[in-house]
Amino acid sequence: MKLSILLLFITFFTISLVYPQVSERKLVSINNKKMAYITFGLEKRKIDEPIVVFESGLGSSGGSNGSLFPFIQDSFAGIVYDRNGIGESELDSAVRTDADVIKRLHDLLTILKISPPYLLVGHSIGGPFIRLFASKYPEEIAGLFFIDPTDFMLTKEEDDEVKLKTSSKTGYQELLSINLQNILKDPTISRGFRHELKRELDESTPYFFKNYTSLPPLPDIPVTIMIAYNKHIEQYETKMNEELKLGINLIQWWKALDQLRIQHYAEMIKNNRNSKIILLPRYSHGIHQQDPKLVAEALISTYKTCIKQ
């Protein structure tokens, strides 16, 4: 995950993109806090058919998925929501870990009486979230669909090896922490976004994604993983590298990290039939914004595979 790219998507793709296209935004109280969501296609959903549940990237509301809806909203039933403190959902200070995030999502589905099975879609850090959901509620999952997911499986030893091989001073794990801390210094960010940043900083302090290290294997469900690699090195990345004296050899560094991420996700699904990794050279982190039709077609295909299971 390139965090700086992610922040651009937080800025430009807001909740207004998705709600008017599908149905009116609704609010429901969970733990005495309002959560915003929309549903579509529920009236056509047949018994035991999967419902598609969207999980957005860091600081992003459900609206960040808006570009997909012209291509998918007549293909299946789904729900899009905002995590607590993001978009139109109220901040809930009791949500302190990613496990709490997953519990809130499960509570939302339960209260709305949206029964499983679920096909979970996660972009960026939403990828780790849906993997964690699958570990907590494996019997409720029909499939998983990852859009350029964060590599929560990267070890300290691997990160150090990348630094050594690319003659770089800063590793990915350290850079993520630096980025989160720098964003937290911005006094203009919302309380909800600040809370989410602090939560994710804690999840990787002192160990990277410390609560994800002992997840059970995935059940044999269809999994699709779309990974952008060999991305363009943007001017702001070069500028950040110079100004913060990170000492990163960007091209070689990202190439090595891309290879590890592909390896990690391939290992994750090695026992899953009807699963695949789709590699997209020169694509951006926001694959679903850059090429929504491509992502939508892959998601519809995954949905159909889940039905046949």
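Details of the structure are given in the entry above.
Keep in mind that this is a model prediction, so the values were computed, not measured.

Conventions we followed
- Residues numbered from 1 in each chain as written.
- Predicted model: local features only at pLDDT ≥ 70, side-chain atom pairs only at ≥ 80, totals over all residues.
- Heavy atoms only, no water.
- Helix = DSSP H or I, 4+ residues; strand = E, 2+ residues; numbered from the N terminus.
- Buried < 20%, exposed > 50% of the residue type's maximum accessible area, 1.4 Å probe, protein only.
- Contact = heavy atoms within 4.5 Å.
- Areas by Shrake-Rupley, 256 points an atom, 1.4 Å probe, with all protein chains shown as cover.
- Lys, Arg positive; Asp, Glu negative; His and termini not counted.
- Charge placed at Lys NZ, Arg CZ, Asp CG, Glu CD.
- Pairing = 2+ DSSP bridges.
- Axes fitted to C-alpha atoms, helices over the stretch in contact; angles between N-to-C directions.
- Polar contact = N/O pair within 3.5 Å; in protein donor to acceptor, adjacent residues only side chain to side chain.
- Phe/Tyr/Trp six-rings, centres within 6.5 Å; stacked < 30°, edge-to-face > 60°.
- Lys NZ or Arg CZ within 6 Å of the ring centre and 35° of its normal.
- Parallel < 35°, antiparallel > 145°, perpendicular 65-115°, else oblique.
- Left-handed = near helix turned anticlockwise from the far one by under 90°.
- Nonpolar A, V, L, I, M, F, W, Y, C, P; charged D, E, K, R; others polar.

**Observations concerning the overall build of the protein**
Part 1 of the reasoning: Looking only at helices and strands, the protein has 12 helices and 8 strands in total.
Part 2 of the reasoning: Summarising its shape, the C-alpha atoms of the protein cover approximately 55 × 45 × 35 Å along the three principal directions.
Part 3 of the reasoning: For the protein, the proportion of its 309 residues judged to be buried stands at 57%.
Part 4 of the reasoning: Partitioning the contacts of the protein with sequence separation of at least 6, the portion at a separation of at least 24 is 77%.
Part 5 of the reasoning: Of the accessible surface of the protein, which amounts to about 13,800 Å², a share of 52% is contributed by carbon and sulfur atoms.
Part 6 of the reasoning: The protein carries 37 positive and 37 negative side-chain charges, and their two centres are separated by 1 Å.

**Quick notes on the pairing of strand E4 (residues 78-81)**
Part 1 of the reasoning: Of the two faces of E4, the one holding Gly78 and Val80 and the one holding Ile79 and Tyr81 are both buried throughout.
Part 2 of the reasoning: Sheet analysis places strand E2 (residues 33-40) next to E4, joined by 4 bridges and oriented antiparallel. Bridge pairing in E4 places threonine 39 opposite isoleucine 79.
Part 3 of the reasoning: Bridge count between strand E3 (residues 51-55) and E4: 3 bridges; the pairing is parallel. Considered in E4, the bridge of phenylalanine 54 is made with valine 80.

**A word on the sheet that holds E2**
Part 1 of the reasoning: With mixed pairing, the 8 strands of this open sheet are ordered in space as E1-E2-E4-E3-E5-E6-E7-E8. Of all strands in the sheet, those with a lone pairing partner are strand E1 (26-30) and strand E8 (276-281), marking the two edges. Adjacent strand axes in the sheet meet at a mean angle of 20°, parallel and antiparallel pairs treated alike.
Part 2 of the reasoning: Across the sheet, helix H12 (residues 292-308) is in contact with E3, strand E5 (118-123), strand E6 (141-147), strand E7 (223-229) and E8; its angle to E6 comes to roughly 165°.

**Here's the deal with the side chain of threonine 224**
Part 1 of the reasoning: Along the chain, threonine 224 falls in strand E7.
Part 2 of the reasoning: Within the structure, the side chain of threonine 224 is placed 2.7 Å from the side chain of threonine 302, a separation counted as a polar contact.
Part 3 of the reasoning: Once you skip the residues sitting within four places of it in the chain, threonine 224 turns out to touch Leu144, Phe145, Phe146, Lys276, Ile278 and Thr302.

**Details of the packing of aromatic side chains**
Part 1 of the reasoning: All chains considered together, the criterion is met by 16 aromatic pairs.
Part 2 of the reasoning: On the basis of an interplanar angle of 45° and a centroid distance of 5.6 Å, the ring pair of phenylalanine 54 and phenylalanine 69 is categorised as tilted. Note that phenylalanine 54 is positioned in strand E3 and phenylalanine 69 in helix H3 (residues 69-72), a separation of 15 residues in sequence.
Part 3 of the reasoning: The exposure class assigned to phenylalanine 69 is buried, which follows from its relative accessible area of 0%.
Part 4 of the reasoning: Relative to tyrosine 265, the ring of phenylalanine 152 has its centre 6.1 Å away and its plane inclined at 85°; by these criteria the two rings are edge-to-face. Here tyrosine 265 lies in helix H10 (residues 250-268) and phenylalanine 152 lies in the loop between E6 and helix H6 (156-166), a separation of 113 residues in the sequence.
Part 5 of the reasoning: Relative accessible area serves as the criterion here: at 7%, phenylalanine 152 is assigned to the buried category.
Part 6 of the reasoning: Seen from the ring of tryptophan 254, lysine 231 lies directly overhead, with NZ or CZ sitting 5.8 Å from the centre.

**Considerations on the packing of helix H4 (residues 98-111) against helix H5 (residues 126-136)**
Part 1 of the reasoning: Where H4 contacts H5, the two axes come as close as 10 Å, and the packing angle between them is 70°. Between H4 and H5, the crossing angle belongs to the class labelled roughly perpendicular. Read as a crossing pair, H4 and H5 show a hand that is right-handed. Counting all contacts with H4, which are made through Asp98, Ala99, Val101, Ile102, Leu105, His106 and Leu109, the residues of H5 involved are Phe129, Leu132, Phe133 and Lys136.
Part 2 of the reasoning: Considering only residue class, the contact of H4 with H5 consists of 8 nonpolar, 1 polar and 2 charged.

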